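# Structure at a glance
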Amino acid sequence: MNFAKIVRVAWDGLNLNKMRSFLTTLGVIIGVASVIIMLAVSAGAEAAIAEQINSLGANLLIVSPLRGVPGAARTLLLEDANAIAQQVVGISGVSAEQSPTAQTIKANGVTLEGIALVGTTADFPVVRDYALGEGRYFTADEDERKIKLVVLGAGLATDLFGEQSALGQSITIGTLRLTVIGVMAPKGQVADVDYDGRVYLPISLVLDKFMPSGPGGISMRRDAVRTIYIKVESQDKIDSVITQVTALLASRHDVDASQPDFTVQTQQDIIATQEAATAAFRDLLAWVAGVSLVVGGIGIMNIMLVSVTERTREIGLRMALGARPTDVLLQFLIEAIILSLAGGVVGVLAGVGGSYLFAQLGTMRTELVPASIPLAFGAAAAVGIFFGYYPATQAAKLDPIVALRRE
Amino acid sequence: MDTPIIEIKNLFKVYGEGEATVNALAGADVTVQRGEFVAVMGPSGSGKSTLMNIIGCLDRPTSGAYLLDGRDVSRLDKNELAKVRSQKIGFVFQSFNLLARLSALDNVMLPMLYNLHEKTDAHEQRRRAVAALEAVGLGQRMGHYPNQLSGGQQQRVAIARALVNQPPLILADEPTGNLDSQSSLEILEIFHRLHNQGTTIVVVTHEPDVAIQAQRIICLRDGSVVSQGGEGISPCLESRERATAQAQEATE
Ligand SMILES: Nc1ncnc2c1ncn2[C@@H]1O[C@H](COP(=O)(O)OP(=O)(O)OP(=O)(O)O)[C@@H](O)[C@H]1O
Ligand SMILES: [Mg+2]
């Protein structure tokens, strides 16, 4: 019997019970679709992280207080940033940043609540590759003297002043009146940070006016900063700058350089750390998807065994008419493979569609992994062969006389 | 003389083990020449079906020799037996055994699916199936499904299916067992026609009316052949002879 004919016979066998064939396939469909969606979701999460980190600017070093050490969150100081700017060679800028709690902003008769404030040093636009749209950024001198100046995110400027120029206007943040000297160029939303909806202030002013003084007992430094960003002149100087910064801060903090109370990371370091954190999650998802594929395979095996039992007499007849055990084996094996491949095809479509839909609904960022399609499809085929083989051997093993006598 | 198509010597078929051992065949000898029309008779349980299964290569004997067309087939493996079945043998069963979901034509085409020794394209296969159905007088019923056909018609489809690979040997185990006498006659007529065209036919039957249509009657009892038939009244028909004789005496 040639292959095309066996496929034909197998196909007819499946058509005997269309609803049952479909339901059996559903297990594989769900398995394959979930493999693709799970991989797309975790790839999406990783892409979001990478995009967020890269949006900070190129050749950037990120200095943060060491997490998990009591008191360490307050150890990185504005003076540290100044020291780095003055003493480290091979850098083109240093920006310390601190963000207080969100504030209410009033201007031009408009009141906006829950606006994020970012205190930065004067180098911020250079360090973060974030250009001004109009006006200018404040200078180091203005920062140091705590002049009440503010630079608006592009979206916020429009929200407050519409078509009018924001430059020279005054706005009230909390109780503080400030003068607008610049508007940043539009940057949009990167990951969950809305750059255009924030205001940028001199960090000295933020530390002075907006940071809460620590509750009594714990010594809280008012001049602590959240992060210091360092712009390195070029890629090849990154290692040298890391060494210098580590040594400088260690001596300033009076700690051993091998056990610092801060971290100096490149963007790649941060991406890697974040991805390591999501890897466990991704592996779990992959396992869940894999298990559902196996469950789908067991469903196929179950139905094929039922089918062999139901069609015992037919198998006996086919054997009496000249079918070899091999022909019967192939017929049932191919039935199982058709079921799983059909499940694979529909599952791939559902998976791709599902990933797209998730992205469209905006609930989750998804990034279709092209390799996941052949992977899921191949897994479906393997499941068909693996779980179809046993029922097929049961069919091929039947004795034609016994099978023919079966009611 | 030609080699016989069936040559069976001292055939044993033992079922079960120990206490429950049954000698379904106990030293049976059967010879059938090419082109013969033979009936097999015997009481229930005498081993007729067992013998037919072995002749049809559906089963292997426990011991003894079976030469089919001069070739020893008693020790072939399952795949080789399947090949012999598809080339040499057409089966007709008591219960027709048509696939309900296939039309008459598709049922008749089934054996060609497994026929590897002849390369035939789909067109040629269809032509042969149509010819086989026409040969059994069902040219007008090709598209009908088994449940749309009478028992006699279903059995004729089954015969067409047995014919379609043009095997030299047709085996029928009680082919008229489920049919009324009119349908039985039609089936026998077809067998006669096939016989006249040179096909060898072996029919198992309980009905003397059917058996006497054959050239000779092989009579089985307790797993061995008590008469190969040919001359005289077959021991398997003696009781009937006696009964008719008594009936005649009674009327006189
Ligand atoms: N698979 C089997 N296992 C055990 N015993 C069997 C088997 N098949 C047949 N037999 C026994 O072998 C003997 C012959 O059976 P067989 O079916 O050949 O008889 P038969 O002549 O065809 O009878 P009938 O006219 O009733 O069809 C019987 O005693 C039967 O019980
Ligand atoms: Mg029988």
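Residues numbered from 1 in each chain as written. Chains lettered and ligands numbered in written order. Predicted model: local features only at pLDDT ≥ 70, side-chain atom pairs only at ≥ 80, totals over all residues. Heavy atoms only, no water.

## Considering the site of ligand 1
Formally: Being near a molecule or strand, for a residue, means having at least one of its heavy atoms within 4 Å of it. Each polar contact in these results corresponds to two N or O atoms within 3.5 Å; when the atoms are within protein, one needs to be able to donate a hydrogen and the other to accept it, and residues that are neighboring in sequence are counted only if both atoms are side-chain atoms.
Around ligand 1, a shell composed of 14 residues is seen, among which Ser44(B), Gly45(B), Lys48(B), Ser49(B) and Thr50(B) lie nearest. Each of chains A and B places residues near ligand 1. One of the side-chain nitrogen or oxygen atoms of Ser44(B) is found 2.5 Å away from an oxygen atom of ligand 1. Separating an oxygen atom of ligand 1 from a backbone N or O atom of Gly47(B) is a distance of 3.0 Å.

## Concerning the pattern of salt bridges
Residues and elements named next belong to chain B. As a reminder of what qualifies: Each reported salt bridge corresponds to a side-chain nitrogen of Lys or Arg within 4 Å of a carboxyl oxygen of Asp or Glu. Note on conventions: DSSP H or I runs of at least 4 residues are helices, E runs of at least 2 residues are strands, and numbering of each starts at the N terminus. Each residue is placed in one exposure class: buried if its accessible area under a 1.4 Å probe, protein chains only, is under 20% of its type's maximum, exposed if it is over 50%, and partly exposed if it falls in between.
Under the defined criterion, the tally for this structure stands at 23 salt bridges over all chains. The residue Glu36 makes a salt bridge to Arg216 at a minimum N-O spacing of 2.7 Å. Pair noted here: Glu36 is in the loop between strand E2 (22-32) and strand E3 (37-41) and Arg216 is in strand E9 (residues 216-221), with a separation of 180 residues, a long-range link. An identical accessibility class is assigned to Glu36 and Arg216; each is buried. For Glu186, the salt bridge identified is with Arg156, shortest N-O distance 2.9 Å. Here Glu186, found in helix H6 (residues 181-196), pairs with Arg156, found in helix H5 (residues 151-163); they are 30 residues apart in sequence, far enough to count as distant.

## A closer look at the domain arrangement of chain A
Formally: Start and end positions for the domains come from either an automated domain assignment or a database one.
In terms of domains, chain A is made up of domain 1 (3-52 + 273-405) and domain 2 (59-266). A C-alpha centroid distance of 54 Å is found between domain 1 of chain A and domain 2 of chain A.

## Overview of the sheet that holds strand E1 (residues 6-15) of chain B
Residue and element names in this part refer to chain B. The test is simple: A pair of strands counts as paired when DSSP detects no fewer than two bridges linking them. The contact rule is simple, with two residues in contact once any of their heavy atoms fall within 4.5 Å. Between N-to-C directions, angles cover 0 to 180 degrees, with each direction set by a line fitted to C-alpha atoms, over the stretch in contact for helices.
Spatially, four strands are ordered E2-E1-E4-E5 in an open sheet, and the strand pairing comes out antiparallel. The open sheet is flanked by E2 and strand E5 (71-72), the only strands paired with a single partner. By the bridge criterion, two bridges tie strand E4 (residues 63-68) to E5 in an arrangement that is antiparallel. Each residue of the ladder has a partner; that of Leu67, found in E5, is Asp72. Sitting on the sheet, helix H1 (residues 48-55) touches E1, E2 and E4, and the angle it makes with E1 is about 120°.

## Thoughts on helix H4 (residues 122-135) of chain B
Our working definition: By definition here, a helix of n residues has an expected span of 1.5 Å times n minus one.
Look at H4(B): 20 Å from first C-alpha to last across 14 residues, which is about the 20 Å you get at 1.5 Å a residue. Listed in full, the buried residues belonging to H4(B) are Gln125(B), Arg128(B), Ala129(B), Val130(B), Ala132(B) and Leu133(B). On the buried face of H4(B), the contacting elements are helix H1 (3-15) of chain A together with helix H3 (104-113) and H5 of chain B. Positive phi shows up at Gly137(B), right after H4(B), with a value of about 75°.

## What about unusual backbone geometry?
Residues other than glycine seldom take positive phi values, yet Lys146(A) does so here, at roughly 55°. Mapped onto the elements, Lys146(A) comes out in the loop between helix H5 (140-144) and strand E7 (149-152). Located in the positive-phi region is Gln166(B), a residue other than glycine, with phi close to 50°. Structurally, the position occupied by Gln166(B) is in the loop between H5 and strand E7 (169-173).

## Some thoughts on a nonpolar patch on the surface
All names here are of chain A. To be explicit about the condition: Patch membership requires over 30% relative accessible area and the absence of a salt bridge. Like charges are linked within 9 Å, and nonpolar side chains (Val, Leu, Ile, Met, Phe, Trp, Tyr) within 5 Å. All accessibility values rest on the Shrake-Rupley procedure with a 1.4 Å probe; residue burial counts only the protein chains present in the view.
A surface patch of nonpolar side chains, about 480 Å² in accessible area, is lined by Met19, Phe22, Leu23, Leu26 and Ile30. Take Met19: it is sitting in helix H2 (residues 18-54). Classification of Met19 as exposed rests on a relative accessible area of 55%.

## A look at the state of the cysteines
All names here are of chain B. The following threshold applies: Criterion for a disulfide: a pair of cysteine sulfur atoms at a distance within 2.5 Å.
A full pass over the atoms with the stated rule returns one disulfide over all chains. Note on cysteine connectivity: Cys219 is disulfide-linked to Cys236, with sulfurs 1.8 Å apart. Measuring the twist about the S-S bond at about 80°, one finds the Cys219-Cys236 disulfide to be right-handed. With a gap of 17 residues between them, Cys219 in strand E9 and Cys236 in the loop between strand E10 (224-227) and helix H8 (238-251) connect regions that are remote in the sequence. Comparing Cys219 with Cys236 shows no difference in burial state: the two are buried.

## Thoughts on the nonpolar core
Here is the rule we go by: Residue types Ala, Val, Leu, Ile, Met, Phe, Trp, Tyr and Cys, when buried and joined through side-chain atoms within 4.5 Å, form a set referred to as a nonpolar core.
Judged by nonpolar contacts, the single largest core of 77 residues is most densely connected at Ile6(B), Tyr66(B), Leu68(B) and Leu169(B). For this core, the element with the most residues is helix H11 (residues 325-361) of chain A, which contributes 10 residues. In contact with Ile6(B), not counting residues within four places along its chain, are Val30(B), Thr31(B), Val32(B), Ile55(B), Tyr66(B), Leu67(B), Leu169(B) and Val202(B). Of all hydrophobic cores here, the second largest spans 48 residues; its members include Ile91(A), Val150(A), Ala166(A) and Met211(A).

## Looking at the sheet that holds strand E6 (residues 89-92) of chain B
Two strands in a sheet stick together by hydrogen bonds in their backbones, pointing the same way (parallel) or opposite ways (antiparallel). Residue and element names in this part refer to chain B. As summarised here, the arrangement of the six strands in space is E6-E7-E8-E3-E9-E10, forming an open sheet in which the pairing is mixed. The strands lining the two open edges of the sheet, one partner per strand, are E6 and E10. Along the sheet, successive strands turn relative to each other by an average axial angle of 25°, direction set aside. Strand direction decides the pairing type here: E9 and E10, joined by three bridges, are antiparallel. Within the sheet, the bridge partner assigned to Cys219 lies in E10 and is Ser227.

## Notes on the side chain of Glu97(A)
Residue and element names in this part refer to chain A. Position of Glu97 among the secondary structure elements: in strand E2 (residues 91-98). Relative accessible area serves as the criterion here: at 2%, Glu97 is assigned to the buried category. If sequence neighbours within four positions are ignored, Glu97 has contacts with Val118, Gly119, Thr120, Phe124, Arg128, Ile203, Val225, Arg226, Thr227 and Tyr229.

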